[in-house]
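Chain by chain, the residues run as shown.
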Amino acid sequence: MPRPQRLLTTTAFAMCLFVPLAPLANAQSANTAETKQPNAPDQKPAFKEQTRAAQPEKMPSLQKTVVADDLPHLWSMEILPDGRLLVAAKEGAIHIIADGKAGPALEGVPQVSSDGQGGLLDIALAPDFESSGNIYFSFSEPRDGGNGTSVASAKLVQNGDKAVLEDTRVIFRQMPTYDGDKHFGSRLAFGPAGELFVTVGERSDAEMRGQSQDTASGLGKVFRIDTSGKPFEGNPFVGKDNALPEIWSYGHRNIQSATIDGDGRLWTVEHGPKGGDELNLPKAGLNYGWPIITYGIEYSGGTVGEGLTAKEGMEQPVYYWDPVIGPSGMAYYSSDAIPEWKGSLIIGGLVTQGLVVLKLENDKVVSEGRLPLEARIRDVKIDKDGSVYAVTEERGGGKSQILKLSPEA
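Before going into details, it helps to say that this report is about the structure given with it. Since this is a predicted model, take the numbers as computed values, not measurements. (Residues numbered from 1 in each chain as written. Predicted model: local features only at pLDDT ≥ 70, side-chain atom pairs only at ≥ 80, totals over all residues. Heavy atoms only, no water.)

### Description of the overall build of the protein chain
Piece 1. Secondary structure summary: the protein chain contains two helices and 25 strands in total.
Piece 2. On C-alpha atoms alone, the protein chain measures out to a radius of gyration of 20 Å, which is about the 22 Å that the 2.2 N^0.38 rule sets for 409 residues.
Piece 3. Along the three orthogonal principal directions, the C-alpha set of the protein chain runs to about 60 × 55 × 35 Å.
Piece 4. Nonlocal contacts in the protein chain, meaning residues at least 24 apart in sequence, comprise 57% of its contacts between residues at least 6 apart.
Piece 5. Split by element, the accessible area of the protein chain, about 17100 Å² in all, is 47% carbon and sulfur.
Piece 6. Placing the 40 positive and 53 negative side-chain charges of the protein chain at their respective mean positions leaves the two points 3 Å apart. (Helix = DSSP H or I, 4+ residues; strand = E, 2+ residues; numbered from the N terminus. Rg over C-alpha atoms; globule rule 2.2 N^0.38 Å. Contact = heavy atoms within 4.5 Å. Areas by Shrake-Rupley, 256 points an atom, 1.4 Å probe, with all protein chains shown as cover. Lys, Arg positive; Asp, Glu negative; His and termini not counted. Charge placed at Lys NZ, Arg CZ, Asp CG, Glu CD.)

### Here's the deal with the sheet that holds strand β8 (residues 134-143)
Piece 1. Read across the open sheet, the four strands follow the order β7-β8-β9-β10; overall the sheet is antiparallel. Of all the strands in the sheet, the pair left with one neighbour each is β7 (120-125) and β10 (162-173). Averaged over all neighbouring strand pairs, the angle between strand axes comes to 30°, with direction disregarded.
Piece 2. Pairing between strand β9 (residues 146-159) and β10: nine bridges, direction antiparallel. Residue pairing for β10: serine 150 is matched across the bridge by arginine 173. (Pairing = 2+ DSSP bridges. Axes fitted to C-alpha atoms, helices over the stretch in contact; angles between N-to-C directions.)

### A look at the sheet that holds strand β15 (residues 255-260)
Piece 1. Reading across from one edge, β15-β16-β17-β18 is the order of the four strands in this open sheet, with antiparallel pairing throughout. Since the sheet does not close on itself, it has two edges, and those belong to β15 and β18 (319-321), each with one partner. On average, each strand axis in the sheet is inclined to that of its neighbour by 15°, with strand direction left out of account.
Piece 2. Taken together, the three bridges between strand β16 (residues 266-270) and strand β17 (residues 277-280) define a ladder with antiparallel strand orientation. Bridge pairing in β17 places valine 269 opposite leucine 279.

### Here's the deal with the packing of aromatic side chains
The description of two aromatic rings rests on the distance between their centres and on the angle between their planes.
Piece 1. In this structure the tally under the stated criterion is eight aromatic pairs.
Piece 2. Centroid distance tyrosine 295 to tyrosine 320: 3.8 Å. Interplanar angle 5°. Geometry classified as stacked. Remark: tyrosine 320 occurs in strand β18 and tyrosine 295 occurs in the loop between β17 and β18; sequence separation between them is 25 residues.
Piece 3. Taking the relative accessible area as the measure of exposure, tyrosine 320 reaches 4% and is therefore buried.
Piece 4. The ring of tryptophan 290 is capped by arginine 253, whose NZ or CZ atom sits 5.3 Å from the centre of that ring.
Piece 5. Over the ring of phenylalanine 47 we find lysine 364, and its NZ or CZ is 4.0 Å from the ring centre. (Phe/Tyr/Trp six-rings, centres within 6.5 Å; stacked < 30°, edge-to-face > 60°. Buried < 20%, exposed > 50% of the residue type's maximum accessible area, 1.4 Å probe, protein only. Lys NZ or Arg CZ within 6 Å of the ring centre and 35° of its normal.)

### A short note on the nonpolar core
Piece 1. Leu86, Ile94, Leu120, Ile135, Phe137, Leu156 and Leu165 are the most contacted members of the largest nonpolar core, which has 20 residues in total.
Piece 2. If you list the elements that add at least two residues to this core, you get β4 (85-89), β5 (93-98), β7, β8, β9 and β10.
Piece 3. If near-sequence neighbours (up to four positions away) are discounted, leucine 120 is found in contact with Trp75, Ala88, Ala89, Lys90, Gly92, Ala93, Ile94, Val109, Val112, Phe137, Ser138 and Phe139. (Core = buried A, V, L, I, M, F, W, Y, C linked by side-chain atoms within 4.5 Å.)

### Some remarks on unusual backbone geometry
Piece 1. Put simply, methionine 175 and proline 176 share a cis peptide bond, and its omega is 10°.
Piece 2. Positionally, proline 176 belongs in the loop between β10 and β11 (188-190).
Piece 3. Cis geometry is found at the peptide bond from tryptophan 290 to proline 291, where omega equals -5°.
Piece 4. Summarising the element assignment, proline 291 is placed in the loop between β17 and β18.
Piece 5. One non-glycine residue with positive phi stands out, namely asparagine 242, at about 55°.

### Quick word on the pairing of strand β12 (residues 196-199)
Piece 1. Going residue by residue along β12, you find Leu196 and Val198 tucked away on one face and Phe197 and Thr199 tucked away on the opposite face as well.
Piece 2. A loop of five residues connects β11 with β12, the two strands running antiparallel in sequence, and glycine 194 in this loop sits at a positive phi of about 85°.
Piece 3. Examined bridge by bridge, β12 and strand β13 (residues 221-225) share four bridges and lie antiparallel to one another. Bridging across to β13, phenylalanine 197 finds its partner in arginine 224.

In structure tokens, the structure reads:
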């Protein structure tokens, strides 16, 4: 196993051979994590520290270990109770990693449409996994006329060194089907009552994105379902006309980060336009604005719609990034192992190539720290000992690594 690599604070040993968090500065403040100019400089936050929060007073000193290398292009990971890792590869395979090596692809995975941003997406262990062996995964499902994000359940059956998936079945399908290769989402997060939150995208293209605002459409939504795929009791649109009963919140763009906090609440981070990635605390029945309001601009350079950042009846993000971080994967840190991060959201950065750490107080971001890892981070998980696992990827379908960040011994 490669020797652990030490990660230092922003102020210490800047010339060291270890990986430092370099001092950061920008035109707005010398104490913010973001150093680049915004893409939409005329847009102003709705409240203090909605963007470019101050850096934390102290970042932890950690060691980095490569747990597994030369892996297929991964999208997500779960930590099994015995410490092995269950991973989902974008092309459509699930593997178990033990002793730093990926085992054979498990039988029982349905066909996956892996073009563009599609593939085998998130994977989650059932809350009763230790007794049931059940897992859930989201994927871009090929369908007549196109594809869409779907959720499947299966039983992970292990017999010695051999493992298979049994009783695989699709329990939920995002509708309508669309022939595209972008903005599938998707993350899965189990809430404290056993509810399964499913995040999806709005399929990106201009003719589809407006359906984020349509509660009769499954595009651009957060769903809340039970483990059989049915609407969870108490959902806000149950029994309402022209609305899908599985919807929890709407008006989203493309959510690829989701986690449950210490109070059992869902947090999400979605890919925005150019300069509009946003953190939300989605609440029942609320409208988060896309594409009517948003921070940032089109990637082509023009305004999004009328260029609005606020409108009555639409929610403001808790936080946003301009320029974007490229969010993927997120975990809530509640351990005492890394005290500087306790009570923080740890987000994978595809663009920033490291971890973005948001300290929360009273549901507001009070600091933003960044831990550079020199790799696109696709998923983040926390082990029971408080170690942080990060899944890397190479752009364009290359190999992945799994990194472990832990306090110095």
